[in-house]
Amino acid sequence: MLRYIVRRLLQLIPTLLGLSVILFIWLHRLPGGPETAILGERGTDETRAKLRHDLGLDEPLWIQYFRFMRRMITGNLGTSISTHRPVVTEFAERFPGTVELTVSALIIAIGLGIPLGYLAARRRGSIVDHGSVAGSLLGICVPIFVLAYLVKEVFAVKLGWFPAAGRQDVTIDATRVTNFYVLDGMLTGEWDAAADALKHLVLPAFTLATIPLAIIIRMTRASVLEVLGEDYVRTAEAKGLTERVVRRRHVLRNALLPIVTTIGLLTGGLLSGAVLTETVYSFTGIGQFIAESIDRRDYPVLMGFIMFVAVIYVTVNLLVDISYGLIDPRVRVR
Amino acid sequence: MALLEVEDLGVTFRGDREVRAVDGVSFTVDAGEVTGLVGESGCGKSVTSLALIGLLPKQNTRRVRVDGRALFDGLDLLRADTRTLRDIRGREIAMIFQDPLSSLNPVVPIGVQVAEVLVRHRGVSKAEAQRRAAQLLDRVGIPDPNRRLKEYPHQLSGGMRQRALIAMAVACRPRLLIADEPTTALDVTIQAQILELLKELVREDGTAMIMITHDLGVVAGLCDRVNVLYAGRVVESAARRPLFAEPVHPYTIGLLNSIPRLDAGQGARLTPIRGSVRDVLPWSQGCAFAPRCDRAVEECLAGPPEITGDPHSFRCVNPGVGVDLEEVR
Ligand SMILES: Nc1ncnc2c1ncn2[C@@H]1O[C@H](COP(=O)(O)OP(=O)(O)OP(=O)(O)O)[C@@H](O)[C@H]1O
Ligand SMILES: [Mg+2]
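Residues numbered from 1 in each chain as written. Chains lettered and ligands numbered in written order. Predicted model: local features only at pLDDT ≥ 70, side-chain atom pairs only at ≥ 80, totals over all residues. Heavy atoms only, no water.

Describing the site of ligand 1
Residue and element names in this part refer to chain B. In plain terms, the rule: We call a residue near a given molecule or strand whenever any one of its heavy atoms falls within 4 Å of it. Polar contact criterion, stated in full: a pair of N or O atoms within 3.5 Å, where within protein one must be able to donate a hydrogen and the other to accept it, and residues adjacent in sequence count only if both atoms are side-chain atoms. Grid points spaced at 1 Å over the protein atoms alone were grouped into cavities, where a 1.4 Å probe fits but cannot get out, and pockets, open sets with protein on both sides within 12 Å along at least five of seven lines, with lining residues defined by an atom within 4 Å of a point. The way we define it, a molecule is inside a pocket or cavity when more than half of its atoms are within 2 Å of that pocket's grid points.
Near ligand 1, the surroundings consist of Phe13, Ala21, Glu40, Ser41, Gly42, Cys43, Gly44, Lys45, Ser46, Val47, Pro57 and Glu181. Between ligand 1 and the protein, one listed contact pairs an oxygen atom with a backbone N or O atom of lysine 45 at 2.9 Å. Separating an oxygen atom of ligand 1 from a backbone N or O atom of valine 47 is a distance of 2.8 Å. Taking a 2 Å distance to the grid points as the criterion, the majority of the atoms of ligand 1 fall inside the second largest pocket.

Following this line, the structure appears as structure tokens:
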């Protein structure tokens, strides 16, 4: 198993290398450059050229690429062209918000989706079933920003149950350790700060969870329905096993394989959904920063972001493969 | 005394059109006795056995109607609630299915699948259950049981998988074992071994067994009593000897003539039953076998024939030769 994981990790290197080359070229070939954003209309051709030279943008692309790679290997993502701060620092401040949001959404989607999908399959044709199927269809159809505004309008503005914006109340003076606000509160024992951060997470997380939740419900339902028809489930029932053992050991364990794959595929969409959700809830994650960086052609920030997302995506899919091996012995053998 | 008394068991599937898969089946199983249920594919053998332990898909819903009675030690299985049935299944009544590969969970080690029955019904710890599971695997003739416990179904041969399923079924020493074509999916040489194993196990434990098969050869070596099913009804029922020596129903006779016999001598030809199971008449209009029957007479279409005779009973208005009818009636 360990050898399998190491081999998979080594396979990542060429993937990431290839990705970085393609995206580097593509990004730098986009019309316009950071000098336009910085100098605006005021810049003369001369000042533009000087700025490009200062930023090292006038050198051949492959030299720029090698410089970028050399920096990256040492963990240095360079300095943002627009904020003049190290990209790593910018990310350390903003990524935790996005990750917090994404992970919460994923927990909600999995925690509700699998039980609901299972129930829908087990009580096929019942109200639970029809409700889940119709609800999940709705969840997939409604665009996420429309839903985000609706949810905010109702639960934050009208009912006032949850805060409408931000990651934490400004009046709270919380100690920052990791920039994961909930985690920080728990680490430092500032429980009210953690609770407040959690409260701020509820609406955006549920909003972001809607689409993955809908997909997981449908996937679980279909997968469980298939497994319920299998002979080994009948064998388990014929042994008089309790409902709980049949469900866990015989139905869900087999039904989980396609669900795990789906969850892996959902992560990519979840990150882009997070950017939209952050905008609506003024949730300070990476989203807005990236949008601005695209406008400014802030190459170091964008390259760093792309590589980071790629690593997350590839890691998640590695985790998916590993859990495959854990769930199904037939995969392990190969 | 009868351990299981099935009376007028009927199963109706209500899909787009009603299918009466089992239509008034009655038979009894005495304690420690092996009873055969024999018939061609689709005659309702599996449906009968699944109905008994409440495992038909959607049993007791609007989609599937089960009627009749099935008294197991005085308890009507067809009306027992789910909890009672869960307690009985695996402990009092165990079942072995036809396809050993698909009947085993592919992602759970064999040992766990055997041990879980013991944990459930005997309340032993997991470690103790594993220990007993190893003994059970040994008992059903799986070599190196301690290694096999940790293996998964795909690592076992077909015969060994069926042995593992048998180990699960006999784990709690049930009083009744239902074996639904346990050898159909196996090689011929393995078939004989598995039948021998089953025979030995039920004799040692005093377990009664319902052996479901389409193969009269299996019945001949194993069963004390035989029920021949056709289109969802018992058409002939007798102890093994009289059934083989003096079959009465033309269908039974047909089945017997269509199996190869060692004593038939060279050149003797097999005579298959003509037509196929699809050529059935609904029982309400007469004998379902009439369209395929050589001895059919007009009276066969007058209505469903009654079952007559005891202990050698049959459902036929123009029974075949080979039996002294006066004596039977
Ligand atoms: N779920 C179901 N819905 C509708 N009809 C069914 C269902 N299950 C079985 N049947 C019907 O019931 C009849 C009896 O089926 P059963 O499986 O008991 O046959 P069998 O005697 O076990 O045959 P085989 O030797 O092939 O196993 C068949 O004609 C089949 O079409
Ligand atoms: Mg069958």
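Focus on unusual backbone geometry
Residue and element names in this part refer to chain B. Worth spelling out the cut-off: To qualify as a helix, a DSSP run of H or I must reach at least 4 residues; to qualify as a strand, a run of E must reach at least 2; elements of each kind are numbered from the N terminus. Throughout this description, buried means an accessible area under 20% of the type-specific maximum (1.4 Å probe, protein chains only), exposed means over 50%, and partly exposed covers the range between.
The backbone of aspartate 8 shows a phi angle near 55 degrees, a positive value even though the residue is not glycine. The topology assignment puts aspartate 8 in strand S1 (residues 2–14). At aspartate 73, a residue that is not glycine, the phi angle is positive and equals roughly 55 degrees. Topologically, aspartate 73 is positioned in the loop between strand S4 (64–72) and strand S5 (75–76). Since its relative accessible area comes to 44%, aspartate 73 is described here as partly exposed.

Digging into the side chain of B:Arg315
Residues and elements named next belong to chain B. The cut-off we apply is this: Lys and Arg are tallied as positive, Asp and Glu as negative. Neither His nor the chain termini are counted. Counted as salt bridges are all cases of a side-chain nitrogen of Lys or Arg within 4 Å of a carboxyl oxygen of Asp or Glu. When checking whether two residues touch, look at their non-hydrogen atoms; a contact exists if any pair is within 4.5 Å.
Mapped onto the elements, arginine 315 comes out in the loop between strand S11 (313–314) and helix H11 (325–328). For the buried arginine 315, which has no salt bridge, the nearest side chain bearing the opposite charge is glutamate 306, at an N-O separation of 5.5 Å. When sequence neighbours within four positions are dropped, the list of residues in contact with arginine 315 reads Gly24, Arg233, Val234, Val235, His249, Trp283, Pro305, Glu306 and Ile307.

Concerning the environment of A:Ile312
All names here are of chain A. You can see isoleucine 312 is positioned in helix H13 (residues 299–327). On the basis of relative accessible area, isoleucine 312 is assigned to the partly exposed category, the value being 25%. Remark: the alpha-carbon pair of isoleucine 312 and aspartate 54, spanning 258 residues in sequence, is separated by 33 Å.

Considerations on the layout of surface pockets
Residue and element names in this part refer to chain B. Condition: Grid points are joined across faces, edges and corners, and a volume is the space filled by probe spheres set on the points.
The calculated volume of the second largest pocket comes to roughly 560 Å³. Surrounding the second largest pocket, 26 residues form its lining, Val19, Arg20, Ala21, Gly42 and Ala231 being those nearest its centre. Sorting the residues of the lining of the second largest pocket by element identifies strand S2 (18–30) and helix H1 (45–52) as the ones contributing at least two each. When residues in the lining of the second largest pocket are grouped by element, the largest group, five residues, is from S2.

Considering a nonpolar patch on the surface
Note the cut-off: Patch building starts from residues that exceed 30% relative accessible area and form no salt bridge, then joins like charges within 9 Å and nonpolar side chains (Val, Leu, Ile, Met, Phe, Trp, Tyr) within 5 Å. Residue-level accessible areas treat just the shown protein chains as cover; the underlying method is Shrake-Rupley with a 1.4 Å probe.
Taken together, the side chains of A:Leu2, A:Val6, A:Leu10, A:Ile13 and A:Leu17 make up a nonpolar region of the molecular surface, amounting to roughly 490 Å² of accessible area. Residue placement: A:Ile13 occurs in helix H1 (residues 2–29).

So, the interface of chain B and chain A
Definition in use: Accessible area that two parts lose when put together, with a 1.4 Å probe and added across both, is what the buried area reports.
With 28 residues of chain B at the interface, the matching set in chain A holds 24 residues. With both chains or domains summed, chain B and chain A bury close to 2200 Å², and 55% of this area falls on carbon and sulfur atoms. Of all residues in chain B, the largest losses of buried area upon contact with chain A belong to B:Arg86, B:Val107 and B:Glu116, amounting jointly to 28% of the total for that side. Summed over the shared surface of chain B and chain A, the number is five salt bridges. Of the charged contacts in the structure, one is a salt bridge between A:Glu243 and B:Arg86, with a shortest N-O distance of 3.9 Å. If you look at where chain B meets chain A, you find 16 residue pairs in polar contact (both at pLDDT 80 or more). Taken together, the elements giving at least two residues each to the side of chain B that touches chain A come down to strand S6 (93–96), helix H3 (110–122) and helix H6 (158–170) of chain B. When residues of the side of chain B that touches chain A are assigned to their parent elements, the largest contribution, six residues, is made by H3(B).

Digging into the confidence of the model for chain A
Note the cut-off: Per residue, pLDDT captures the predictor's confidence, and it can take any value from 0 to 100.
Per-residue confidence for chain A gives a mean pLDDT of 82; residues scoring 70 or more make up 97%. Model confidence for chain A, summarised as mean pLDDT per element, is weakest for helix H2 (residues 34–39) of chain A at 69 and strongest for helix H10 (residues 231–238) of chain A at 94.

Observations regarding the domain arrangement of chain A
Residue and element names in this part refer to chain A. Put simply, the rule reads: An automatic or database domain assignment supplies the start and end points of every domain.
With domains assigned, chain A is organised as domain 1 (2–74) and domain 2 (94–328). With 21 residues of domain 1 in contact, the opposing surface of domain 2 contributes 14 residues. A combined buried area of about 1700 Å² lies between domain 1 and domain 2, and 81% of that area is made up of carbon and sulfur atoms. Looking at the side of domain 1 facing domain 2, the largest losses of area belong to Arg8, Leu16 and Leu27, adding up to 28% of the total buried there. Put simply, domain 1 and domain 2 have zero salt bridges between them.

With respect to the sheet that holds strand S3 (residues 34–38) of chain B
Backbone hydrogen bonds hold the strands of a sheet together, and the pairing may be parallel or antiparallel. All names here are of chain B. Formally: Between any two strands, pairing holds if DSSP finds at least two bridges. For helices, the axis comes from a line fit to the C-alpha atoms of the stretch in contact; other axes are also lines fit to C-alpha atoms, and the angle between any two N-to-C directions lies between 0 and 180 degrees.
Read from one edge of the open sheet, seven strands run S6-S7-S8-S3-S9-S10-S11, paired in mixed fashion. Each edge of the open sheet carries a strand with a single partner, namely S6 and S11. Across five bridges, the pairing between S3 and strand S8 (residues 208–213) is parallel. Across the sheet, threonine 35 pairs through a bridge with isoleucine 210, a residue of S8. Those strands touched by helix H7 (residues 188–205) are S3, S6, strand S7 (176–180) and S8, and its axis lies near 160 degrees from that of S8.

Focus on the domain arrangement of chain B
When the parts come together, some accessible area is lost, and that loss is often what is quoted as the size of the interface. Residues and elements named next belong to chain B. Annotation of chain B at the domain level lists domain 1 (1–92 + 174–263) and domain 2 (102–173). Here domain 1 and domain 2 have C-alpha centroids that lie 25 Å from each other. At the junction of the two partners, domain 1 supplies 18 residues and domain 2 supplies 15 residues. Counting the surface lost from both domain 1 and domain 2, the interface buries some 1400 Å², and carbon and sulfur atoms represent 58% of this. Counting across the domain 1 and domain 2 interface gives four salt bridges. Linking arginine 173 and aspartate 205 is a salt bridge whose minimum nitrogen-to-oxygen distance equals 2.9 Å.

What to know about the nonpolar core
Short version of the rule: The term nonpolar core refers to a set of buried residues drawn from Ala, Val, Leu, Ile, Met, Phe, Trp, Tyr and Cys, joined through side-chain atoms within 4.5 Å.
Counting residues in hydrophobic clusters, the biggest one holds 63 residues, and the most contacted among them are B:Ile166, B:Leu177, B:Leu198, B:Met209, B:Met211, B:Leu222 and B:Tyr251. Broken down by element, this core gets its largest block of residues, eight residues, from H6(B). Per-domain counts for this core show at least three residues from each of domain 1 (1–92 + 174–263) and domain 2 (102–173) of chain B. Look past the residues within four positions of B:Met211 in its chain and what remains in contact with it is B:Val34, B:Thr35, B:Gly36, B:Leu37, B:Ala179, B:Pro182, B:Leu195, B:Leu198, B:Val218, B:Leu222 and B:Cys223. Within the second largest apolar cluster, 42 residues are counted, among which are A:Ile114, A:Val233, A:Ile263 and A:Phe283.

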